[in-house]
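Inside the fold
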Amino acid sequence: MRSLKDKKIVAGICGGIAAYKTAGIVSKLVQAEAEVQVIMTHAASQFITPLTFEALTHRKVFTNLFQDDPLAHVELAHQTHLLIVMPATYHVIGKLASGLADDMLTTTLAATRAAVLVIPAMESQMYTNPIFQENCRKLRALGYRFLGPESGYLASGRAGIGRFPDEEKILKEIETIFVDHSLLSGLRILVTAGPTREMLDPMRCLTNKSSGKMGYALAEQARTLGADNVLLISGPTQLQPPEEVDFLKVESAEEMREAVLAQEKNFDVIVMAAAVADWRPKRISTHKIKKLSTSSLTIELERTPDILHILSQKKRKGQCVIGFAAESENVIENAREKLRKKQLDLMVANSLIQENAGPESETNEVTLIHKNGRSEPLPVMDKREVAYEILRRIARLAKSK
Ligand SMILES: Cc1cc2nc3c(=O)[nH]c(=O)nc-3n(C[C@H](O)[C@H](O)[C@H](O)COP(=O)(O)O)c2cc1C
């Protein structure tokens, strides 16, 4: 969450049962180096103590409009980049929609022109109350951003709409507010992801450990960063395609080649994050290969098409091609050589023998190899953040062409 570094965020905590969940979110924002100031309503402190947030933020929590710094609400309202109201209660949303400001949180909200993210959570009966729905409609029309609630288990023991969204979803939404949504505007981006599967017989195949997470994160971030059009071509993975991204599913290296070559002319940037097999069985048996009495079986392999090489031969003026290299030794040297040979615009190198990285990990540690051979190591980050950093460089590259 590097986009949150030094961002001034006010976390307004209200008196709902989900208040306890907000401590985790505040902690994550602090870890992302945002400057977080917590304001609690009187009711919120019935559910969780200010001490918890003071320990997490290393700052005094504001709870009282009159006893705390008397002008704090005005200062905060001016300085902050984002106010988050969570869990936004029936009561606080009612006050906001009616223009009431009788405590530290609602006074700060009244005085700010910064973005406000409202995350409601309550029992279904309260949430579906027409008065509440009317208040939400009014706030949305005035530009307040809303997230959730979701359906699921509620504190009363019933199930229904009103549940506070998951921490990860909230953090993603907060991050989205701060990214530059026009960074990739004017660019059409094709991303490949996942492994390929080379059949041996109707049941068995040769594949690799790629999960597709890096490529899917790139496609999702490309959309968030305002690319005009994003196409994800993916080998078999367990992942859900990101929203608002065009999606093509392929299986073998040959199918990947066909799909990429049929589409590449429609794209300005091609990011080849898929782990395409280098070898495939020379013959695919039409019948399941039987267990033999011999103790070994020899399978003859042949090279698959080198899609990156073909792309580099076809590359048209202004088009950017980005490669990925997963290596287990001499990572940088091998990646640099691949970049040079295939005339790529950028190479993303990962080591296969690193902690906090690799196909199944949620995080990745990569080194970017630039066209002039310069290597730029990035720290260990969530794959979404790695995607963001790669796309930032791609935006610069594509726009300088
Ligand atoms: C145990 C308990 C749980 C509550 N949970 C919620 C809730 O999840 N959402 C909500 O809108 N109100 C909830 N309330 C009601 C609020 O606490 C109440 O409306 C309060 O005035 C809210 O104050 P505030 O909006 O200033 O924080 C709950 C009340 C109690 C006693």
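A quick note: this is a predicted structure, and the numbers were derived from the prediction, not measured. (Residues numbered from 1 in each chain as written. Predicted model: local features only at pLDDT ≥ 70, side-chain atom pairs only at ≥ 80, totals over all residues.)

Some details on the overall build of the protein
- The secondary structure content of the protein amounts to 14 helices and 21 strands.
- Summarising its shape, the C-alpha atoms of the protein cover approximately 80 × 50 × 35 Å along the three principal directions.
- Of all 401 residues assigned to the protein, the portion counted as buried reaches 40%.
- For the protein, the share of sequence-separated contacts (at least 6 apart) that also reach a separation of at least 24 residues comes to 69%. (Helix = DSSP H or I, 4+ residues; strand = E, 2+ residues; numbered from the N terminus. Buried ≥ 20, exposed ≤ 12 C-beta atoms within 10 Å, placed from the backbone. Contact = placed C-beta atoms within 7 Å.)

With respect to the pairing of strand β8 (residues 188-193)
- Extensive coverage of β8 is indicated by the burial of five of its six residues.
- In the sheet, β8 pairs with strand β11 (residues 229-234) via six bridges, with the strands oriented parallel. Pairing of Ala193 across the sheet is with Ser234, part of β11.
- As paired strands, β8 and strand β13 (residues 269-272) are joined by four bridges and run parallel to one another. Across the sheet, Thr192 pairs through a bridge with Met272, a residue of β13. (Pairing = 2+ DSSP bridges.)

What to know about the site of the ligand
- Looking at the ligand, there are 16 residues lining it, with Gly15, Gly16, Thr41, Ala43 and Thr89 nearest.
- Sort the elements by how many residues they give to the shell around the ligand and helix α5 (residues 90-98) lands first, with three residues.
- Looking at side-chain class alone, the shell around the ligand contains 11 nonpolar, five polar and no charged residues. (Near = placed C-beta within 6 Å. Nonpolar A, V, L, I, M, F, W, Y, C, P; charged D, E, K, R; others polar.)

Details of the domain arrangement of the protein
- Each domain of the protein was delimited in the assignment, giving domain 1 (2-178) and domain 2 (188-285 + 298-399).
- Between domain 1 and domain 2, the C-alpha centre-to-centre distance is 39 Å. (Domains from an automatic or database assignment.)

Observations concerning the sheet that holds strand β1 (residues 8-13)
- Read from one edge to the other, the open sheet built from five strands follows the order β2-β1-β3-β4-β5, with strand pairing classed as parallel. Looking at the sheet topology across the chains shown, the edges are occupied by β2 (35-40) and β5 (145-146).
- The pairing of β1 with β2 spans six bridges and is classified as parallel. Note that in β2 the partner of Gly12 across the bridge is Ile39.

Details of the sheet that holds strand β16 (residues 320-327)
- The sheet built from eight strands is open, its strands ordered β12-β11-β8-β13-β16-β17-β19-β20 with mixed pairing. For this open sheet the edge positions go to β12 (246-249) and β20 (375-377), each flanked by a neighbour on one side alone. Here the strands of the sheet are splayed against their neighbours by 15° on average, with no regard to which way each runs.
- Of the pairings in the sheet, the one linking strand β17 (residues 346-351) to strand β19 (residues 366-370) comprises five bridges and is antiparallel in character. Pairing of Leu346 across the sheet is with His370, part of β19. (Axes fitted to C-alpha atoms, helices over the stretch in contact; angles between N-to-C directions.)

Description of the pairing of strand β3 (residues 82-88)
- Counting buried residues in β3 gives seven out of seven residues, a clear majority hidden from the surface.
- Pairing geometry for β1 and β3, over five bridges, is parallel. Paired with Ala11 across the strands is Ile84, a residue of β3.
- Relative to strand β4 (residues 115-120), β3 runs parallel, the two being bridged by five bridges. Across the sheet, Ile84 pairs through a bridge with Leu117, a residue of β4.

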